[in-house]
Amino acid sequence: MELKLIFDKPKTMTDTKTHYCPGCGHGVLHRIVAEVIDELGIKDRVIGIAPVGCAVTAYDYWDIDMCEAAHGRVAAVATGLKRARPDAIVFGYQGDGDLAAIGLAETIHAANRGELITIIFVNNATYGMTGGQMAPTTLVGQVTKTSPKGRNPNNFEGYPLRVAEMIAMLEAPVYVERCMVTSTESVFNTKRAIKKAFTLQMQGKGYSFVEVLSGCPNEWHINPVEANRWIEEEMTKFFPLGVFKDKYPEIK
Amino acid sequence: MEKVLKNKIIQTFIEVEPERCKGCLLCVYECPEGVIDVSNKFNSKGWIYVEPLFNEKCTGCKKCAMVCPDLAIKVFLGQEVIAGPTD
């Protein structure tokens with residue numbers, strides 16, 4: 001019998017085992033990005049920027065040129081890289097503590113200038129690496145280490161930041177979408193979105209931003225299957241999925 | 001699953017790499033055919049890993065591999081041409 005391997009890890013992923021907790025969305029998202037890079041054939045000229053957070057050692061898992069930015073400064077580093085090397089495809093990979101808290105200024109201004117970069121924003125509604133503290137994207141009522149009674153807006157703790165909507169409000173970005181990685185269908189959808197974001201950058205159209213809702217079962221203190229259900233049922237109520245801005249709907 | 005299509009036998013099955021698996025069980029719940037189940041063994045990191053215990057039911061839909069965060073699952077397709085009516 002002739003055997004054919006019909007699903008294997010993409011070539012852009014290295015053999016290193018990831019350090020992520022069981023059920024973490026980072027692993028799936030790493031694979032999606034690697035598959036997109038393989039399919040577009042840009043492995044030799046893509047430069048990724050790793051954030052501070054759980055994905056801090058992402059350079060061990062992708063077999064591409066990577067750069068590490070200080071906390072929150074991915075958009076600034078990406079701007080410099082892209083301006084110095086206009087032929088390179090530059091993408092940033094950031095979590096919510098990195099992008100939505102300390103790096104919000106860099107992110108907003110890079111988006112507002114319309115830099116030719118792609119930002120992938122992983123939103124898991126908590127600070128995963130530092131031990132599950134309250135993040136800017138923590139939902140109202142969600143219990144974390146620093147909000148033991150649940151996030152309470154009446155106690156000056158505020159509301160979750162909808163970063164994708166904020167970016168979409170600006171004039172310069174060309175593509176803003178929010179998706180998730182909880183099931184096969186959503187994984188396919190996320191892959192389509194990330195592929196489009198890379199394609200727009202390759203064609204020199206402008207700034208593209210993809211927000212991905214991802215699970216953090218370890219810090220939410222639930223099991224991975226429940227975590228995915230929680231994203232689908234609770235998180236998507238406040239963070240609706242969909243395309244918020246698309247200046248080039250004809251490009252796939 | 002082994003399936004005879006006119007003059008072809010098609011067989012699909014999966015393999016799980018025990019050292020990569022962390023036992024998150026996402027694949028167990030995602031598989032529509034119930035191919036994968038938890039084993040009672042530990043890998044070197046101390047995780048209980050999953051095994052394709054009912055590989056004969058696999059249809060090769062790749063759903064398990066799509067949701068696996070640890071790239072532990074490989075999907076195989078085997079084909080063999082046998083004597084029989086041609087297409």
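Below is a summary of the structure that appears in this document. (Residues numbered from 1 in each chain as written. Chains lettered and ligands numbered in written order. Predicted model: local features only at pLDDT ≥ 70, side-chain atom pairs only at ≥ 80, totals over all residues. Heavy atoms only, no water.)

With respect to the overall build of chain A
Of the regular secondary structure elements, chain A holds eight helices and eight strands. Relative to the globule expectation of 18 Å for 252 residues, the C-alpha radius of gyration of chain A, 17 Å, shows essentially globular dimensions. Within chain A, the fraction of its 252 residues that count as buried is 55%. Partitioning the intrachain contacts of chain A with sequence separation of at least 6 by distance along the chain shows that 70% fall at a separation of at least 24. (Helix = DSSP H or I, 4+ residues; strand = E, 2+ residues; numbered from the N terminus. Rg over C-alpha atoms; globule rule 2.2 N^0.38 Å. Buried < 20%, exposed > 50% of the residue type's maximum accessible area, 1.4 Å probe, protein only. Contact = heavy atoms within 4.5 Å.)

Here's the deal with the packing of aromatic side chains
The full count for this structure, using the stated rule, is eight aromatic pairs over all chains. Ring centres of W62 of chain A and F91 of chain A lie 5.4 Å apart, and the angle between their planes is 75°; on these two criteria the pair is classed as edge-to-face. Highlighted residues: W62 of chain A in the loop between β2 (46-50) and β3 (65-68) and F91 of chain A in strand β4 (residues 89-95), separated in sequence by 29 residues. Overall, the relative accessible area of 0% leaves F91 of chain A in the buried class. Linked through ring pairs, W62, F91, Y93 and F198 of chain A together constitute an aromatic cluster. The ring of F238 of chain A carries the charged tip of R162 of chain A above its face, separated from the ring centre by 3.9 Å. Here K57 of chain B stacks its cationic end above the ring of F54 of chain B, 5.1 Å away from the centre of that ring. (Phe/Tyr/Trp six-rings, centres within 6.5 Å; stacked < 30°, edge-to-face > 60°. Lys NZ or Arg CZ within 6 Å of the ring centre and 35° of its normal.)

Some remarks on the side chain of H30 of chain A
Residues and elements named next belong to chain A. Structurally, H30 can be placed in helix α1 (residues 25-40). Here the side chain of H30 touches Y93 through a polar contact of 3.2 Å, side chain to side chain. Apart from residues no more than four positions distant in its own chain, H30 is found in contact with M13, Y20, A55, A58, Y61, W62 and Y93. (Polar contact = N/O pair within 3.5 Å; in protein donor to acceptor, adjacent residues only side chain to side chain.)

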